[in-house]
Amino acid sequence: MIYFGKLSNTQTKTFVDAELKDFATTYPNIDLFTVDHNEINSVADQIENDRVIIYYADCPPYDGLNVFFNLFNRYPNKKFCILTDQPGWKDIAQWPVNVQWIWYNFNVIGHDPNDIVGDYRNIDCFTNKNFDSKKIGISLNRLPRSHRLCLLSYMLGVGLDQDCVITAPLLTWHLQTNNTLDIMDVVPWDFSSHNNFKNDMLTGWKRAKLTDGIAPTGNLDPDKRHPSIFEPYHGSEPGNFNNYQNNLLPLFYKNSFVEFINFSVYDYSLPWICEKILHSQLACNFPIFVAGKGTVEWLRTYEFDVFDDIINHAYDLEVDPVLRMQKLINDNRDLLQHQKHTKDLWIKHQPRFRDNVEWFIKNSDKSVATGKKLLTQWLTNDFSNVIIST
């Protein structure tokens, strides 16, 4: 069985379709599925062979990891190889012995099937900052995921919008298309020990629903772009790179020096390596990671400069998602309030951002080469001399 699914990220689909286009001819006795969370549930009923490869191009499903456990346990005598575009999947659960997770590549951010970095490879860092800007922080919240709704609400509740530009271009759309306006119905955390945080968040949510404190987003305004904002990008239409150059740079990055980088994953210990990191470093912003536990530790281990001498990353190893969010904001608020000092730090350390951009490009290329090697070794049953990638 060979099935190339309808991946919602068309950049990833372009890469995966080209990368695995000859699979059926080369390996006729191995099943292959390329799916995201919309189709992962359909895989189990289509399996035909004893060895199965799944390229899963998405965040963990909204309803948890059971879809994977059900699949692996339904076929205990079959061997599964799951390819992902993010590291860490093999460590987020105690998986059955019949599955091998392989980190195959970084998140695809270009439309060239032979180059997952694409146009980013030849762009310079942005250093023409507006030193007269009065709000030097940014928090970009495009898709209204539950942890982002919580973050922007807490930020508004503690008045962080005085020092930080907070966006939510799809919030109005989200409120119009969902059955509830209560944030407590969408944030699945235990607030019993965090009454102050909860109260601030609820205060901020009231503001958010009125768009009080939410920055206008120009061409990204949902009244102009929804629902087409969810449609695939094709040809010369906007993608990550064009969005960075035409929207994010002039609207936000030019005036900012510190960024709360809002990853797609927060409730799992998955370091979500994607264009958001690259954008922040190309735009030369000090990074604070709104991300899964251990993300900063992972980046640090792999020699990405997390600016430990400037950013307080004590939040990173907090298991409690509420406390992690509270600390990443409160422990670094001084950077936003003491603007001259932060801008002076930026002048002093500005060359370091380019090193992080080079890190991203180098490791994007390396991840694909390593992923291909690991897949080949799984296909040939030869893991005698390989260190399995996380």
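The structure we're discussing is the one just above.
Rules of the game
- Residues numbered from 1 in each chain as written.
- Predicted model: local features only at pLDDT ≥ 70, side-chain atom pairs only at ≥ 80, totals over all residues.
- Heavy atoms only, no water.
- Disulfide = S-S within 2.5 Å.
- Pairing = 2+ DSSP bridges.
- Helix = DSSP H or I, 4+ residues; strand = E, 2+ residues; numbered from the N terminus.
- Axes fitted to C-alpha atoms, helices over the stretch in contact; angles between N-to-C directions.
- Contact = heavy atoms within 4.5 Å.
- Buried < 20%, exposed > 50% of the residue type's maximum accessible area, 1.4 Å probe, protein only.
- Right-handed = clockwise from strand over helix to strand, strands pointing away.
- Core = buried A, V, L, I, M, F, W, Y, C linked by side-chain atoms within 4.5 Å.
- Parallel < 35°, antiparallel > 145°, perpendicular 65-115°, else oblique.
- Nonpolar A, V, L, I, M, F, W, Y, C, P; charged D, E, K, R; others polar.
- Phe/Tyr/Trp six-rings, centres within 6.5 Å; stacked < 30°, edge-to-face > 60°.
- Lys NZ or Arg CZ within 6 Å of the ring centre and 35° of its normal.

A. Seen up close, the state of the cysteines. Counted by the stated rule, this structure contains 0 disulfides. Cys 284 takes part in no disulfide bond, and the closest cysteine sulfur, belonging to Cys 125, lies 4.3 Å away.

B. Here's a closer look at the sheet that holds strand S7 (residues 164-166). With respect to topology, 4 strands assemble into an open sheet ordered S7-S6-S8-S9, the strand pairing being parallel. Every interior strand has two partners, whereas the edge strands, S7 and strand S9 (286-290), have only one. Mean inter-strand twist for the sheet, computed between neighbouring axes without regard to direction, equals 20°. Here 3 bridges tie strand S6 (residues 137-139) to strand S8 (residues 258-262), and the two strands are oriented parallel to one another. Directly across from Gly 137, in S8, lies its bridge partner Val 258.

C. Expanded view of the sheet that holds strand S1 (residues 2-4). Pairing is parallel across the open sheet formed by 5 strands, whose spatial order is S1-S2-S3-S4-S5. A single partner strand is all that each edge strand has here, and the edge strands are S1 and strand S5 (99-103). This sheet shows a mean twist of 15° between the axes of neighbouring strands, independent of strand direction. Sheet analysis places strand S2 (residues 31-35) next to strand S3 (residues 51-56), joined by 5 bridges and oriented parallel. Counted as the bridge partner of Thr 34 is Tyr 55 from S3. Sitting on the sheet, helix H14 (residues 352-379) is in contact with S3, strand S4 (79-84) and S5, with an inclination near 160° to S5.

D. Highlighting the pairing of S9. Judged by how many residues are buried, S9 sits mostly within the fold: 5 of 5 residues are covered. Burial along S9 is two-sided: Phe 286, Ile 288 and Val 290 facing one way and Pro 287 and Phe 289 facing the other are all buried. With 5 bridges joining them, S8 and S9 adopt parallel strand pairing. Across the sheet, Val 258 pairs through a bridge with Phe 286, a residue of S9. Once the chain exits S8 it traverses helix H9 (residues 275-282) before rejoining the sheet at S9, and the crossover so formed is right-handed.

E. Region of interest: the nonpolar core. Counting residues in hydrophobic clusters, the biggest one holds 129 residues, and the most contacted among them are Ile 53, Ile 54, Phe 68, Phe 80, Phe 260 and Phe 289. In terms of residue count, H14 provides more of this core than any other element does, 10 residues in total. Ignoring any residue separated from it by four or fewer positions in sequence, one finds Phe 68 in contact with Ile 40, Tyr 56, Pro 61, Trp 89, Trp 95 and Trp 101.

F. Expanded view of the packing of helix H4 (residues 146-157) against helix H6 (residues 195-209). Axis separation between H4 and H6 bottoms out at 6 Å; the angle between their running directions is 95°. Of the possible angle classes, the one that applies to H4 and H6 is roughly perpendicular. In contact with Leu 149, Cys 150, Leu 152, Ser 153, Tyr 154, Leu 156 and Gly 157 of H4, H6 contributes Phe 197, Asp 200, Met 201, Gly 204, Trp 205, Arg 207 and Ala 208. Class assignment for the residues of the contact of H4 with H6 results in 9 nonpolar, 3 polar and 2 charged.

G. Structural view of the packing of aromatic side chains. Scanning the model with the defined rule gives 33 aromatic pairs in all. Ring geometry for Trp 189 versus Phe 191: centroids 6.3 Å apart, planes at 40°, classification tilted. An aromatic cluster is present here, built from Tyr 56, Phe 68, Phe 69, Phe 72, Phe 80, Trp 89, Trp 95 and Trp 101 joined pairwise through their rings. For the cation-ring pair, Arg 51 lies above Trp 378, with the distance from its terminal atom to the ring centre recorded as 4.3 Å. The positively charged end of Arg 324 is found above the aromatic ring belonging to Tyr 266, 4.2 Å away from the centroid.

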